[in-house]
Amino acid sequence: MSETFYGSDFDALQAFDPDIAGVLLSELARLRGGLQLIASENMSSPQVLTALGSTLSNKYAEGYPGRRYYGGCAEVDKAENLAIERCTALFGAEHANVQPHSGASANQAVYGAFMSPGDTFLAMSLPHGGHLTHGAKVSFSGRWFNAVHYGVDKDTEDIDYDEVERLAKAHHPKVILAGGSAIPRLIDFARFRAIADEVGAILWVDAAHFIGLVAGKAIPSPVPYADVVSFTTHKVLRGPRSGGIICTAEHAAAIDKAVFPLMQGGPQMHTIAAKAVNFKECATPEYADYARQVIANAKVLAATLGEHGIRPTTGGTDTHLSLHDLQPVLVTGMEAEARCDAAGITLNKNAIPFDPQKPNVASGIRVGTPFVTSQGMGSEEMTIVGDLIARAVTTGSSDPDDAVSKDIRGQVTELIGRFPAYAR
Ligand SMILES: *Cc1c(COP(=O)(O)O)cnc(C)c1O
């Protein structure tokens, strides 16, 4: 370790607090010991984790670089300026705010910038692939604003753009929101732009899930179309657990005021430094290769599951994730999640469009390839992973001591042994 860095010191933690040190170790063992297929998770680099575990966490820096409410901000200003410069360059954006604490915080700020309580907005419905912060009743977004929801077409299972247009004309929303958490296909940003222009709405793209694919130039960018794009930094992007917003110069002041002081207090300067590190990583050719491989892997995984009767909605994927209908194999999402868990495979149950089950049971699973691709797995491994998932889902048990669970777990161990996560 460098002599002049003072930060993450595991030995000191273990000596003082063996309970929490034990959690850190067993969580690392859990990550290393199974297949991680949750579409919103990834494996950030040691350099990102180092910035997170640094003394920048101590600094109060309310305000923005050069305009802080506290002294002593010269050093953290450098970190935030680098994060902003790298973020705008990476996405070709006119303005970036790197202070949101998370995806939900970023979204709060976007609402705050463009809407007042009671205003109407249009967004994808949660059961069709949207997000809680897109107007669900249990979220501030559904309680304080009037959310109108569009969904997917029953046949294509992809976004029903005609419905978006019809609802936009009927309700004249202030904001139209595109994006979600379980959308396997590319979003037609040009169509959304045209609809927003027709009704004079702000176009907001919540790119939380797929911004990493945009950063790696593996899919088209929403930036040329959207007024504002909110995102997380810990999903495909592979940075620290946090968020961000990019927007046109026209909306820069409104977004900055909405992040601070409307919604947040002091920014997390250690996380902002880690975001700067991550944006630098994302600008490398290696990251572009990674983003392309994430999609290639997702396509193979979706197709393999489909061959086992675990039908991918929309027929496949263009992104890092696929959503699968388990009704043909007569298993619920809840049961599938438990069976996979017992077999050393972490994924999540997920509602599918027009799902007859309650959300906590669900008829589907969602799988994503960001983590396993970061481990170095490729298309060949994805067929193995698909076969293992299918076997766990259709013939496995939620009991980890069951013979099938044990057998699959053995094969998972063999596979991940060849692609160790956080190998030293
Ligand atoms: C993950 C996600 C969020 C929320 O991000 P958090 O960091 O968990 O708050 C918001 N919108 C979408 C579409 C997401 O997928």
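Look up a bit, the structure's there.
Keep in mind that this is a model prediction, so the values were computed, not measured.

(A) Fine view of the sheet that holds strand β15 (residues 364-368). Taken in spatial order, the four strands of this open sheet run β11-β12-β15-β14, and their pairing is antiparallel. Either end of the sheet is taken by a strand with one partner, and the two such strands are β11 (311-312) and β14 (348-350). With five bridges connecting them, strand β12 (residues 321-325) and β15 associate as antiparallel partners. Bridging across to β15, serine 322 finds its partner in valine 367. Strands in contact with helix α12 (residues 285-307) are β11, β12 and β15; relative to β12, the strand with the most contacts, it is inclined by about 10°. Packed onto the sheet, helix α13 (residues 333-342) meets β14 and β15 and runs at close to 170° relative to β14.

(B) The arrangement of unusual backbone geometry in detail. Geometrically, the link from phenylalanine 260 to proline 261 is a cis peptide bond, its omega value of 10° lying close to zero. Within the element layout of this structure, proline 261 appears in helix α10 (residues 252-263). The phi dihedral of glutamate 157 is positive, around 60°, even though this residue is not glycine. Along the chain, glutamate 157 falls in the loop between β6 (146-150) and α7 (161-171). With a phi close to 60°, lysine 217 is a non-glycine residue in the positive phi region. Its location among the elements puts lysine 217 in the loop between α9 (211-215) and β9 (228-232). For lysine 217, a relative accessible area of 61% puts it in the exposed group.

(C) Here's a closer look at the nonpolar core. If you look at the biggest cluster of nonpolar residues, it comprises 56 residues, and the most contacted ones within it are Phe91, Tyr150, Ile176, Ile187, Phe192, Phe210 and Ile246. Formed jointly, this core draws a minimum of three residues from each of two domains, domain 1 (52-282) and domain 2 (285-418). Grouped together as the second largest cluster of nonpolar side chains are 28 residues, Leu305, Ala336, Ala343 and Val393 included.

(D) Region of interest: the pairing of strand β7 (residues 175-178). Burial of the side chains of β7 extends over both faces: Val175 and Leu177 are buried on one face and Ile176 and Ala178 on the other. Inspection of the sheet shows strand β5 (residues 120-124) paired to β7 by two bridges, in the parallel sense. In the strand pairing of β7, phenylalanine 121 is matched with valine 175. After leaving β7, the chain enters helix α8 (residues 189-199) and then returns to the sheet as strand β8 (residues 202-206), a path that is right-handed.

(E) The arrangement of the site of the ligand in detail. Taken together, 13 residues sit near the ligand, with Gly103, Ala104, Ser181, Asp206 and Lys235 positioned nearest. Here an oxygen atom of the ligand sits 2.9 Å away from a polar atom, N or O, in the main chain of glycine 103. Between the ligand and the protein, one listed contact pairs a nitrogen atom with a side-chain N or O atom of aspartate 206 at 2.6 Å. For the ligand, whose free accessible area comes to 380 Å², the fraction covered by protein is 85%. The greatest single-element share of the shell around the ligand, amounting to three residues, is contributed by helix α5 (residues 103-114). Its residues assigned to classes, the shell around the ligand shows two nonpolar, nine polar and two charged.

(F) Spotlight on the sheet that holds β7. Strand order in the open sheet made by the seven strands is β4-β10-β9-β8-β7-β5-β6, with mixed pairing throughout. Bordering the open sheet on either side are β4 (95-97) and β6, each of which pairs with just one other strand. Ignoring strand direction, the axes of neighbouring strands in this sheet form an average angle of 20°. Bridge count between β5 and β6: five bridges; the pairing is parallel. Across the sheet, residue threonine 120 finds its bridge partner in β6, namely asparagine 146. Where helix α4 (residues 74-91) meets the sheet, its contacts fall on β4, β9 and β10 (243-247), and the angle it forms with β4 comes to roughly 130°. Contacting β6, β7 and β8, α8 runs over the sheet at an angle of about 170° to β7.

(G) Inspection of the pattern of salt bridges at higher detail. Counted by the stated rule, this structure contains 20 salt bridges. Between aspartate 318 and arginine 185 there is a salt bridge whose closest N-O contact spans 2.8 Å. Of the two residues, aspartate 318 sits in the loop between β11 and β12 while arginine 185 sits in the loop between β7 and α8, which places them 133 residues apart along the sequence. One continuous salt-bridge network, built from bridges that share partners, spans Asp162, Glu165, Lys169, Arg191 and Glu198.

Reading the values: the criteria
Residues numbered from 1 in each chain as written. Predicted model: local features only at pLDDT ≥ 70, side-chain atom pairs only at ≥ 80, totals over all residues. Heavy atoms only, no water. Pairing = 2+ DSSP bridges. Helix = DSSP H or I, 4+ residues; strand = E, 2+ residues; numbered from the N terminus. Contact = heavy atoms within 4.5 Å. Axes fitted to C-alpha atoms, helices over the stretch in contact; angles between N-to-C directions. Buried < 20%, exposed > 50% of the residue type's maximum accessible area, 1.4 Å probe, protein only. Core = buried A, V, L, I, M, F, W, Y, C linked by side-chain atoms within 4.5 Å. Domains from an automatic or database assignment. Right-handed = clockwise from strand over helix to strand, strands pointing away. Near = heavy atom within 4 Å. Polar contact = N/O pair within 3.5 Å; in protein donor to acceptor, adjacent residues only side chain to side chain. Areas by Shrake-Rupley, 256 points an atom, 1.4 Å probe, with all protein chains shown as cover. Nonpolar A, V, L, I, M, F, W, Y, C, P; charged D, E, K, R; others polar. Salt bridge = Lys/Arg side-chain N within 4 Å of Asp/Glu carboxyl O.

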